[in-house]
Amino acid sequence: MGLTIGVDIGGTKIAAGVVDEHGTILETSTVPTPPTADGVIDAIADAVRDASAEHEVDAVGIGAPGYVDDKRATVLFTPNLTWRHEALKDKVEQRIDLPVVIENDANAAAWGEYKFGIGTGHEDVVCITIGTGLGGGVIIGGKLHRGRFGVAAEFGHIRMVPDGLLCGCGNQGCWEQYASGSALVRYARQRATATPENATILLGLGDGTPEGVEGKHISEAARRGCPVAVDSFRELARWAGAGLADLASLFDPGAFIVGGGVSDEGDLVLDPIRKSYRRWLVGSRWRPHAEVLAARLGGKAGMVGVADLARQG
């Protein structure tokens, strides 16, 4: 199989890219994400048609947020769209007349990093994506591990704290409530409220109030050495590293890959994640440690990964 298209469904835009067998994106098309679920399906088809106008394409892969069934055809549930047992594969195929593969977006990003990014050379990899929430993907023996029903590696909803913070999924204490971009903002606002004298830089980047603090302000303030911003990143990293230690007990990977927007901060967040991972790893003094690596492909990982999965059929 030659060229394939990878589709990334975002909250504000849908991006389709023509990708070759080396993971190189040759052409892209971007359309706004419509407000309705049916509109999203039409928009996917439009983006695919536009991207493939000058290329002969053999298949399409779609990275969908939420649970995808084991046949890689139906989105069982997605939190931010009203898709419930949505036959996405069939509906898109009817519109574009090409074979379609559906994959969870975090799985797609994990595969992209494994095949074309920082995971190259590793056979056993666990990826986590720290964005607004927390997602993940697992590669075991060079194969994407999807589980019996296709919904493995939903790491963000592992319960880290019994009776903890309420999660959007309806449970309490989920990992993403403590290690995500949303959690980072909450930490910074709480600390800025408690000790505003340590948050002068951070507050100055927003509207002057803790409620006005956003993720971009925290990143910039941390780079300038703001104590509250740096401490907020460390708190997120403490929870992220503790979770990786638990995942090491389950999967024993050769490498953890940390992606998502938060990972863009590099060693500011990666170093304390590594420290926390070593702190909480059972038998840490006597066992080998997996590498903890920053993702390399950034926002392209999902598009490239799902295009390659479509190539495999």
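Since the model is a prediction, treat every value here as computed from it, not as a measurement.

Here we look at the pairing of strand 3 (residues 25-32)
One ladder, built from seven bridges, connects strand 2 (residues 13-19) with strand 3; its direction is antiparallel. Bridging from a neighbouring strand, Val19 pairs with Ile25 of strand 3.

With respect to the side chain of Glu176
In this structure, Glu176 sits in the loop between strand 11 (143-144) and helix 4 (181-194). Polar side-chain contacts of Glu176 include one of 3.1 Å to the backbone nitrogen of Leu134. The residues touching Glu176, leaving out its near neighbours within four places in the chain, are Gly133, Leu134, Gly156, His157, Cys167 and Ala183.

Structural notes on the packing of helix 6 (residues 215-223) against helix 7 (residues 227-251)
Packing of helix 6 against helix 7 leaves a shortest axis separation of 7 Å and a crossing angle of 110°. Regarding the angle of helix 6 to helix 7, the classification is roughly perpendicular. As helix 6 packs across helix 7, the resulting crossing turns out to be left-handed. Contact residues: Ile218, Ser219, Ala221 and Ala222 in helix 6; Ala229, Val230 and Phe233 in helix 7. When grouped by side-chain class, the residues that make up the contact of helix 6 with helix 7 number six nonpolar, one polar and no charged.

Digging into the pairing of strand 4 (residues 57-64)
Across the eight residues of strand 4, seven count as buried, placing the element largely inside the fold. Judged from the six bridges that link them, strand 1 (residues 3-9) and strand 4 form a sheet pairing that is parallel. When the bridges of strand 4 are listed, Leu3 appears paired with Val57.

Thoughts on the sheet that holds strand 2
Read across the open sheet, the five strands follow the order 3-2-1-4-8; overall the sheet is mixed. For this open sheet the edge positions go to strand 3 and strand 8 (100-104), each flanked by a neighbour on one side alone. Across the sheet, the mean angle from the axis of one strand to that of its neighbour is 20°, orientation sign disregarded. Note: strand 1 against strand 2, six bridges, orientation antiparallel. Paired with Ile9 across the strands is Ile14, a residue of strand 2. Packed onto the sheet, helix 2 (residues 88-96) meets strand 4 and strand 8 and runs at close to 140° relative to strand 8.

Section: the side chain of Ser180
On the secondary structure map, Ser180 appears in the loop between strand 11 and helix 4. Here Glu176 takes part through its backbone oxygen, which lies 2.6 Å from a polar atom of the side chain of Ser180. With near-sequence residues (within four places) excluded, Ser180 lies in contact with Ile130, Gly131, Thr132, Gly133 and Leu236.

Description of the state of the cysteines
Applying the stated criterion across every chain, the model contains zero disulfides. No disulfide involves Cys167; its sulfur sits 3.8 Å from the nearest other cysteine sulfur, which is in Cys169. A relative accessible area of 5% means that Cys167 is categorised as buried. Cysteine Cys169 shares no disulfide, and the gap to the nearest cysteine sulfur, in Cys174, comes to 3.7 Å.

What counts as what
- Residues numbered from 1 in each chain as written.
- Predicted model: local features only at pLDDT ≥ 70, side-chain atom pairs only at ≥ 80, totals over all residues.
- Heavy atoms only, no water.
- Pairing = 2+ DSSP bridges.
- Helix = DSSP H or I, 4+ residues; strand = E, 2+ residues; numbered from the N terminus.
- Polar contact = N/O pair within 3.5 Å; in protein donor to acceptor, adjacent residues only side chain to side chain.
- Contact = heavy atoms within 4.5 Å.
- Axes fitted to C-alpha atoms, helices over the stretch in contact; angles between N-to-C directions.
- Parallel < 35°, antiparallel > 145°, perpendicular 65-115°, else oblique.
- Left-handed = near helix turned anticlockwise from the far one by under 90°.
- Nonpolar A, V, L, I, M, F, W, Y, C, P; charged D, E, K, R; others polar.
- Buried < 20%, exposed > 50% of the residue type's maximum accessible area, 1.4 Å probe, protein only.
- Disulfide = S-S within 2.5 Å.

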